Amino acid sequence: MDCETLAANASSVSPYDLLFQALSLIPVSHYLLAVFFIFLIFLYNFLEIHFLHDFLTLFRGDPVTLTYKSCSDLYQSVVSKCKILHGRYLVTPWLSSPHLQTGFLSVFASAPPVTYKRHLFRAFDGGTIALDWLTYSDVVEGTSCVIDSSAALKGDKTPIVIVIPGLTSDSSAAYVKHLAFNLARQRWNVVVSNHRGLGGVSLTSDCCYNAGWTEDVRKIIDHMHCEYPEAPLYAVGTSIGANILVKYLGEDGTNTPLVGAAAICSPWDLLICDRFINRRPVQKIYDRALTVGLQGYAQLHQSILSRLADWESILKSSSVRDFDNHATRVLGKFETVDTYYRRSSSTNYVENVSVPLLCINALDDPVCTSEAIPWDECRANENVILATTPHGGHLAFYEGITASSLWWVRAVGEYFGVLSASPSIKGRKKMQGSTVPKPLDSSIDQGPYLNVMGDGMVAAIGNEPRETSPEDTSNVHTIQTTNDEHAISADKGKSVDSTDKPYSEKHIMQHTEQNVKDLLVPVQGRIDKLSRRSRQSIWLLAYIAIITTWPFVGSFIVSVLKRRFKTYVPAALRRK
């Protein structure tokens, strides 16, 4: 009887009630621990943390993967001697995430103390570009002084490295200071070419730059070559600056005075990166942050941008693509945003690079995806070495327990050091042609553009760039100097003492004689290509004309033939 009673009572109680009664007996603290554990798992995957992987591999780091042409002389004579590129990269343990690295670099990063010498470069359109110099004496003495009205003596043979910052950076960025300090400590002269409107310099013309604008870089490099003809020139581009640098190298080919270059975390294909940055929630955070920065800069230059584009749409932009659609595309006279991205992407120019180029990318870059890396193009060009690491974030690559150094900065310093000592550099310098650009090669150098530059800032332009002869260029480019980089800030309303130094007539004659032969070759090649295309276009138009008019012309010919040969047709056939 008792067993039957218990069975009846058990059948009348819901199993869910029993389950809830059992769960109610578990302490609340255990639930909190479970929720915290689940949150950690979510955070570990959301931030792409790889601490456990590093721990299980005993913090040995990951090997650097090099992609290059098998018969590349650059690898055999230079890169094979670079120990850092053949070693392993270990991330700072407490920054074992691309997002932690990138965020730390942008917000909390510390940099070595540097004091730049500032020079102002006046472009032919009236624009002003701030050039911030750092030399070995600046690093050793810790003070800055102007020497002979320039940062380097005219006959000095010390190599000069031109640094092109990224989209949201200028000479004050932590990673730029790391690079400049490291190279200057190796007795190199470093000059940071700030984008227009950055570094405390106001916009002095309507001409600005975008992701594919190479004219400013070209003029700066040409100016350096004319001012310091004995000094070997190198260049380092970071992020958008790397895209601009690679595009410039592909446009000018052998006509650049550079003897070596490095591209760090280049986006390569802007269209793919645009798709990537809008794909996942974590990437959309970066997209929104960049958009806010661009809008902030637009407000600083509202007087220029508001008269050239739809100001209300710019302020309402919710993504970088929206901003480009309302500002960059309109000012650059592109039909669509995708057209702007395609024409500005440096991946289209990799095959034409003729200067030893080291490219460094992290496969977990949260901004410039590895999907855009032109693996085959880099492998086909003997002048390109592509170094990739599984981790590193965007421009971070922190190493050491204190995160006091950047791996890519050491890699670039070693690469340039070995390259400068290579015997092939002397031969390459003799083979370097003119520094005059090839306008026909540039796909977006014509027309007004949007200034998309450091600190997430932009400004619009209205003037179209024009072709200038060496004489015109020499007459309009001047240099203004000042001892204090903050003295030129328009926001503070301070004036700048300037010293105009136009190129001498002797420089013009020498420059023209050296360049005339190199100009004939590309121009003749372009003329031949245009003539071939013209012939093809004529035949294509003829074919289209025949196809489209055939229904009318054919019926007319048939009727004419019937009337003409009507008398020759037998009567029996006509009756039929």
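Note that residues are indexed from 1 along each chain, following the sequence as it is written. With pLDDT at 70 or above as the cut-off, local features in this predicted model cover only qualifying residues; side-chain atom pairs require 80 or more to be listed or tallied, and sums for whole chains, interfaces and linings still use all residues. Side-chain metrics rest on all non-hydrogen atoms present in the structure, leaving aside hydrogens and water.

## Quick look at the pairing of strand β10 (residues 357–362)
- Three exposure classes are used, based on accessible area relative to the maximum for each residue type with a 1.4 Å probe and protein chains only: buried under 20%, partly exposed in between, and exposed over 50%. Helix and strand labels come from DSSP, where a helix needs a run of H or I of at least four residues and a strand needs a run of E of at least two; each type is numbered from the N terminus. The buried fraction of β10 amounts to six of the six residues, a majority that puts the element mostly inside the structure.
- Two strands are counted as paired when DSSP detects at least two bridges linking them. Judged from the four bridges that link them, strand β9 (residues 258–264) and β10 form a sheet pairing that is parallel. Bridge pairing in β10 places Ile-264 opposite Ile-360.
- Bridging between β10 and strand β11 (residues 384–389) involves six bridges; their strand directions are parallel. The partner of Leu-357 across the bridge, within β11, is Val-384.
- Note on handedness: a clockwise path from strand one over the helix to strand two, with the strands aimed away from the viewer, defines a right-handed crossover. The parallel pair β10 and β11, bridged by helix α17 (residues 375–380), forms a crossover whose chirality is right-handed.

## Brief notes about the pattern of salt bridges
- Each salt bridge in this description consists of a side-chain nitrogen of Lys or Arg and a carboxyl oxygen of Asp or Glu lying within 4 Å of one another. Enumeration over the complete set of coordinates arrives at 17 salt bridges.
- Residue Glu-48 pairs with Arg-280 through a salt bridge whose shortest N-O separation is 3.5 Å. Linking Glu-48 in the loop between α3 (28–46) and α4 (51–56) with Arg-280 in the loop between α11 (270–277) and α12 (281–300), this pair joins segments that are 232 residues apart in sequence.
- The class for Arg-280 is partly exposed, based on a relative accessible area of 33%.
- Among the salt bridges present, the one from Asp-216 reaches Arg-196, with a minimum N-O distance of 2.8 Å. Here Asp-216 is found in helix α9 (residues 215–227), whereas its partner Arg-196 is found in the loop between β7 (189–193) and α9, with 20 residues between them in sequence.

## Looking at empty space enclosed by the protein
- Put plainly, a pocket is an open set of points on a 1 Å grid over the protein atoms alone with protein on both sides within 12 Å along at least five of seven lines, a cavity is a set where a 1.4 Å probe fits but cannot get out, and a lining residue has an atom within 4 Å of a point. Grid points are joined across faces, edges and corners, and a volume is the space filled by probe spheres set on the points. Taken as a whole and assessed by the stated rule, the structure comprises four cavities of 30 Å³ or more.
- Of the volumes computed, that of the largest cavity is approximately 90 Å³.
- Lining the largest cavity are Ile-129, Ile-164, Ser-193, Asn-194, His-195, Arg-196, Tyr-209, Trp-213, Asp-216, Val-217, Ile-220 and Ile-244.
- Among the elements that line the lining of the largest cavity, the one with the most residues is α9, at three residues.

## Considerations on the packing of aromatic side chains
- The criterion for an aromatic pair is that two Phe, Tyr or Trp rings (for Trp, the six-membered ring) have centres within 6.5 Å, with stacked assigned to planes under 30 degrees apart, edge-to-face to planes over 60 apart and tilted to the rest. Scanning the entire structure with this criterion turns up 19 aromatic pairs.
- Taken together, a centroid distance of 5.4 Å and an interplanar angle of 50° make the contact between Phe-334 and Tyr-340 tilted. Of the two residues, Phe-334 and Tyr-340, both sit in the buried class.
- Here the aromatic residues Trp-94, Phe-104, Phe-108 and Tyr-398 are joined through ring pairs into a cluster of three or more.
- Geometrically, a charge over a ring is one whose NZ (Lys) or CZ (Arg) sits within 6 Å of the ring centre while staying within 35 degrees of the ring normal. Over the aromatic face of Tyr-136 sits the side chain of Arg-187, whose NZ or CZ is 3.9 Å from the ring centroid.

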